[in-house]
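# Residue-level structural notes
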Amino acid sequence: MTFSKNDEKQSPVDSLVNGSARKDANPSEAINESSTNNPVNFPIVGIGASAGGLAAFEAFFSGMPTDVEPGMAFVLVQHLAPDHHSLLTELVRRYTRMKVFEVEDGVEVQINCIYIIPPNRDMAFLNGSLHLLEPSAPRGHRLPIDFLFDSLAHDQHERAIGIVLSGTGSDGTQGVRSIKSEGGMVIAQTPNTSEFDGMPRSAIATGLVDLELNPADMPAQLMAYVAHAFGRSSRFNSLPVLLNESSLKKIYILLRTQTGHDFSQYKPSTICRRIERRMAVHQINRIEDYVKYLQQAPVEVEALFRDFLIGVTNFFRDPEMFTILEQQIIPTLFEGKPQGSIIRAWVTGCSTGEEAYSLAILLQEHVEALKQNYKVQVFATDIDSRAIAAARAGVYPHSIANDISPERLARFFTAETSGNSYCIHKNIRDMLVFSEHNLIKDPPFSRLDFISCRNLLIYMNSDLQKQIITLFHYALNSAGMLFLGTSETVGDLGNLFITLDRKAKLYQRKEDFQGSKRAALNRFLPTVREKDMSVSGTPGHGNKAAVEKLSLRELTEQTLLQQLNIACALVNSQGDILYLHGRTGMYLEPAPGEASINNILKMAREGLRRDLTVGLHKVASSKERVSVENLRVKTNGHFTLVNLTICPVLLGARALLDSPLFLVILEESATQDTHKKPLPVTPLLTTNTDHNHDAIAQIAELNEELMAKEEYLHAANEELETSNEELKSSNEEMQSVNEELQSTNEELETSKEELQSINEELATVNTELQAKVHDLSRANNDMNNLLAGTGIGTIFVDHNVNILRFTPAATLIINLIHSDIGRPVGHIMSNLIKYDSLVGDIKSVLQNLIPKEVDVQTIEGNWYTMRILPYRTLDNVIEGAVITFVDITEVVTIREALRKANETKSP
């Protein structure tokens, strides 16, 4: 899921500020430096419409009073042809007494004034001034409303207001996202009141529009919102004010009840700012009243939920970071993987999918560069169902050309026929799996090579951040990569990840030694084993090149270790054996039970275990060396005197694994007495002095042994308590996992039932569609035979005089073939003589709706009556014209013969 994913987006107006990208801090959540220094302290209202939106402008300003209180400024953008003189300035002046200006470059915006864009210019707002720029996009692909809205959002933040009026296309949609991400407000014209409803519908489809109104009703709502949000008593004029905790908890409950999502662990400042904005939209002053309003209006609960989830993102967001990702990180994901392997990635909080598709494009480019067969699977998740639906569709506005290189745009996208949008290619779409997923409560994906979680953690409290970072560590493969936003870090869990690039916030998974002993062993010790093997010359492992690469110091140390013949073991504080050196069979033997048990305390022979346990406990607590001499260890039926030494490992392994390690050294004592027997116990009560001395010595020895036993029992007791705590923790985790599995099983059963129901519905729909296709095919055959059988040449054209269909007889008059369908009829050579106004006559009929009839002659001398009629649908909608040619050659011939006969008879 995601809140506002705009943190690294570079707007078109960024070039005005030395090309610098925005920082991570979201200005809608706190007044940042730029807004503090901004000379404009009143709202700026951006209004966008197409050339056909004059009536909407007229209705809007007819209801806007002259002296707006509190004040605001209006900036109008209209789609204009480059050489077209705008009449909007004169029109607006008729309906308002506010000052109206056509913008000049660098003009400073004043309160209660109206500013109108001139033709053939893009306009941006920066630090209180309007700046004009030469359009960079070709005509037909310009998005001037998006350009203005985006600059307003980045400069004015919560003081930016966007209004989308009548117009075609999708211009303004991306700008609406930018304004909402910065905490601004958006109004759209009700589509059924729009002369052209393309722009309002596209804006409303984002789910981010606050109000849908008629233009005449907008001024009252706009003034009420501005007075509430930016009046003298408004809290928007200061830093976010935390709402009372009780009301906040009630809002959390209402959200969780209706949406199933819990926001109680998110940062209150973010939540409160969004709640205050919704209160301003509805002019509600008290939080208690807003809670009541939420209880009575489930639609507002959904709207508040959508406000929390504003997902503004773009392709290759923050290009510098994606360049590092492309050049340094993605190649490492493929290293060491054989052909046919699967590369798995997870993009959390994917919003509408731009970042997920960007990652998929980079992965696809690398696979093609390797020229090897790899399968790439990218999971993209969010809790916003609307965003996931948009991401699955893979259709994006034409403005994405600002974020994607022309090469990638041509290679991975297809322009829609409307020219206003692009569709992602199927080969990229098939790499992604989009899913509605709650990062907090749903089970994570696993065995991942890469996770991207950008600008999501900054909205969560520290406890939730730790929980999610730990979850990412669990989900990643060994050496998997984590990609965070520029204001996010792994925090106190640095022991789980290695920092690869601090600026780009790229991390690599590090093994949790205490949680995964075997994985740590496999990661830490292979190089040591290889060096030992290569020096000893073991067949299949040692080679001359490996020996030559060893430094003189390493070679000397390895040789000394072999000559001294010391038996030792590298262990952790629990006694788990990580590495064995020398022959340890005299002192250690496999413990009964599972073969995987590899603990030195359980493997110690008789006579060694007690002192080994006590000594390891002492070293672990004091970090000082412990030595015990002449331990009687039972080996192969007899006893051997053994010297035990335990010392902490302070370098190398500890620095790598972040866990204390210890070296246990075992060696035979220099003085051996394998047949030594226990001292005889003599009576304590005797008169013999020698016997008394022997008794005292024996008592002292027994006391020492008793103290050693007590220390051993104390250490064993502590280990038992630790084991009990670990078992309790493991039991709780297993219970949690069991509950999650039960929940997952229930969800799967529900999904199965839903899929069965959907399958039945699809089968029904499929049957209906087959019947309709059959009927349509029969009707089409009947129509083709009817048109061919009449012998009347007929041509169907659309509004643009492009050919839609024609009958075979029409090819005798105009040279038509099947591939001409879709071409303008004026581009086709005709066989008519003394008649060249066909296109003009068709346009005249389309404009006046009056049929036209003309007698025309072909090159062969045949005469036809040509009729041009409007093409009407069943709903009486004009969608083109129909041209028919009726053969009247015989009639004309008879008429001419009669004329000549009459002339002959006349005197």
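## Observations concerning the overall build of the protein chain
Along the backbone of the protein chain there are 27 helices and 31 strands. In the protein chain, which comprises 907 residues, the share counted as buried stands at 45%. Long-range pairs, those at least 24 residues apart, make up 66% of the contacts in the protein chain with a sequence separation of at least 6. In the structure as shown, the protein chain presents an accessible area of about 46900 Å², 52% of it carried by carbon and sulfur atoms.

## Digging into the sheet that holds strand β4 (residues 107–108)
Across the sheet, which stays open at both edges, the three strands sit in the order β4-β7-β6 with antiparallel pairing between neighbours. Of all strands in the sheet, those with a lone pairing partner are β4 and β6 (122–126), marking the two edges. Pairing between β4 and strand β7 (residues 129–133): two bridges, direction antiparallel. Counterpart to Glu108 in the pairing with β7 is Ser129. Contacts between helix α4 (residues 144–156) and the sheet are confined to β6 and β7, with β6 contributing the most and set at about 5° to the helix.

## Notes on unusual backbone geometry
The phi dihedral of Lys834 is positive, around 60°, even though this residue is not glycine. Lys834 gets classed as exposed once you look at its relative accessible area, which sits at 87%.

## Regarding the packing of helix α8 (residues 245–259) against helix α10 (residues 287–296)
Contact geometry for α8 and α10: axes closest at 10 Å, N-to-C directions at 15°. Relative to α10, the element α8 lies roughly parallel. Of the two possible hands of crossing, α8 and α10 adopt the one that is left-handed. Across the interface between the two elements, Ser247, Lys250, Ile251 and Leu254 from α8 touch Ile287, Glu288, Tyr290, Val291, Leu294 and Gln295 from α10.

## Description of the sheet that holds strand β3 (residues 99–102)
Spatially, seven strands are ordered β3-β5-β2-β1-β8-β9-β10 in an open sheet, and the strand pairing comes out parallel. Every interior strand has two partners, whereas the edge strands, β3 and β10 (211–213), have only one. Within this sheet the neighbouring strands show an average axis-to-axis angle of 20°, counted without direction. Strand contacts of helix α7 (residues 218–230): β1 (44–49), β2 (73–78), β8 (160–164), β9 (185–189) and β10, with the helix running at about 165° to β8, the strand carrying the most contacts.

## Considering helix α6 (residues 198–205)
Turning to α6, its buried residues number three or more, namely Met199, Pro200, Ser202 and Ala203. For α6, the arc enclosing every buried residue in end-on projection is 165°, short of the 170-degree limit, so these residues lie on one face. Structurally, α6 contributes buried residues whose contacts are with β1, α4, β8, α5 (173–181) and β9. One or two steps after α6, the chain reaches Gly207, where phi turns positive at roughly 75°.

## Concerning the packing of α10 against helix α11 (residues 298–308)
Two numbers describe how α10 lies on α11: the axes approach to 5 Å, and their chain directions differ by 110°. As summarised for this structure, α10 and α11 are arranged roughly perpendicular, according to the angle between their axes. Contact residues: α10 offers Tyr290, Tyr293, Leu294 and Gln296, while α11 offers Pro298, Glu300, Val301 and Leu304. Of the residues contributing to the contact of α10 with α11, the split by class is six nonpolar, one polar and one charged.

## Quick look at the pattern of salt bridges
What the rule picks out here adds up to 16 salt bridges. Glu134 is the partner of Arg121 in a salt bridge, and the nearest nitrogen-oxygen pair spans 3.4 Å. One end of the pair, Arg121, is in the loop between β5 (113–116) and β6; the other, Glu134, is in the loop between β7 and α4, and 13 residues separate them in sequence. Taking relative accessible area as the criterion, Arg121 reaches 26% and is therefore assigned partly exposed. Lys426 is paired through a salt bridge with Asp430; the nearest N and O atoms lie 2.8 Å apart. Here Lys426 matches Asp430 in class, with each residue exposed. Among the charged side chains, a network of salt bridges with common partners joins Glu326, Glu365 and Arg408.

## Some remarks on the pairing of strand β21 (residues 567–572)
Counted residue by residue, β21 has six buried out of six residues, so it is predominantly covered. Here β21 shows a buried face lined by Ala567, Ala569 and Val571 and a second buried face lined by Cys568, Leu570 and Asn572. As paired elements, β21 and strand β25 (residues 661–668) share six bridges and run antiparallel to each other. Within the sheet, the bridge partner assigned to Val571 lies in β25 and is Phe662. Across four bridges, the pairing between β21 and strand β22 (residues 577–581) is antiparallel. Residue Leu570 lies in a different strand from β22, and its bridge partner there is Tyr579.

## Side note on the state of the cysteines
On inspection of all chains with the given rule, the structure shows zero disulfides. Cysteine Cys568 remains unbridged, with the sulfur of Cys647 as its closest cysteine sulfur at 9.0 Å. By relative accessible area, which is 13% here, Cys568 ends up buried.

## Quick notes on the nonpolar core
One broad rule of soluble globular proteins: the nonpolar side chains tend to lie buried together. Ranked by internal contacts, the top residues of the largest apolar core, which has 46 residues, are Ile251, Phe263, Ile275, Tyr290, Trp346, Phe472 and Leu482. Those elements that provide at least two residues to this core are α8, α9 (268–281), α10, α11, β17 (448–453), α17 (462–475) and β18 (476–484). Take this core: its biggest share by element is six residues, from α17. Sequence-distant contacts of Tyr290, defined by excluding residues within four places in its chain, comprise Ile251, Ile275, Arg278, Met279, Ile284, Glu300 and Leu304. Val347, Ala356, Val378 and Phe450 belong to the second-largest nonpolar core, a separate cluster that totals 45 residues.

## Remarks on the packing of aromatic side chains
Using the criterion set out here, one finds 17 aromatic pairs in the structure. Ring geometry for Phe60 and Phe74: centres 6.1 Å apart, planes at 70°, overall edge-to-face. On the criterion of sequence distance, the pair formed by Phe60 in helix α2 (residues 54–62) and Phe74 in strand β2 is long-range, its members being 14 residues apart. The side chain of Arg632 reaches across the aromatic face of Phe639, ending 4.4 Å from its centre.

## Some thoughts on the environment of Val801
Here Val801 is to be found in the loop between β26 (793–797) and β27 (803–806). Val801 sits 24 residues away from Val825 along the chain, and the two C-alpha atoms are 6.1 Å apart. Ignoring anything within four residues of it in the chain, the contact list for Val801 reads Arg823, Pro824, Val825, Ile842 and Lys843.

## Some points on α10
Along α10, the residues that are buried comprise Ile287, Tyr290, Val291 and Leu294. The buried residues of α10 occupy an angular sector of 105° when the element is viewed end-on, so they sit on one face. Opposite the buried face of α10, at more than 90 degrees from it, the exposed residues are Gln295 and Gln296.

## Quick word on the confidence of the model for the protein chain
Of the residues in the protein chain, 81% have a pLDDT of 70 or more, and the chain-wide mean is 77. This model gives residues 652–657 a pLDDT under 50, and the stretch forms eleven contacts once residues within four places in sequence are excluded.

## Focus: the environment of Glu108
Note that Glu108 resides in strand β4. In sequence terms Glu108 and His131 are 23 residues apart; their C-alpha atoms lie 9.3 Å from each other.

## Details of a nonpolar patch on the surface
Taken together, the side chains of Leu755, Ile758 and Leu762 make up a nonpolar region of the molecular surface, amounting to roughly 300 Å² of accessible area. Within the element layout of this structure, Leu762 appears in helix α25 (residues 689–790).

Cut-offs applied
- Residues numbered from 1 in each chain as written.
- Predicted model: local features only at pLDDT ≥ 70, side-chain atom pairs only at ≥ 80, totals over all residues.
- Heavy atoms only, no water.
- Helix = DSSP H or I, 4+ residues; strand = E, 2+ residues; numbered from the N terminus.
- Buried < 20%, exposed > 50% of the residue type's maximum accessible area, 1.4 Å probe, protein only.
- Contact = heavy atoms within 4.5 Å.
- Areas by Shrake-Rupley, 256 points an atom, 1.4 Å probe, with all protein chains shown as cover.
- Pairing = 2+ DSSP bridges.
- Axes fitted to C-alpha atoms, helices over the stretch in contact; angles between N-to-C directions.
- Parallel < 35°, antiparallel > 145°, perpendicular 65-115°, else oblique.
- Left-handed = near helix turned anticlockwise from the far one by under 90°.
- Arc of directions from axis to C-beta.
- Nonpolar A, V, L, I, M, F, W, Y, C, P; charged D, E, K, R; others polar.
- Salt bridge = Lys/Arg side-chain N within 4 Å of Asp/Glu carboxyl O.
- Disulfide = S-S within 2.5 Å.
- Core = buried A, V, L, I, M, F, W, Y, C linked by side-chain atoms within 4.5 Å.
- Phe/Tyr/Trp six-rings, centres within 6.5 Å; stacked < 30°, edge-to-face > 60°.
- Lys NZ or Arg CZ within 6 Å of the ring centre and 35° of its normal.
- pLDDT = per-residue confidence, 0-100.
- Patch = residues over 30% accessible without salt bridge, like charges linked within 9 Å, V, L, I, M, F, W, Y side chains within 5 Å.

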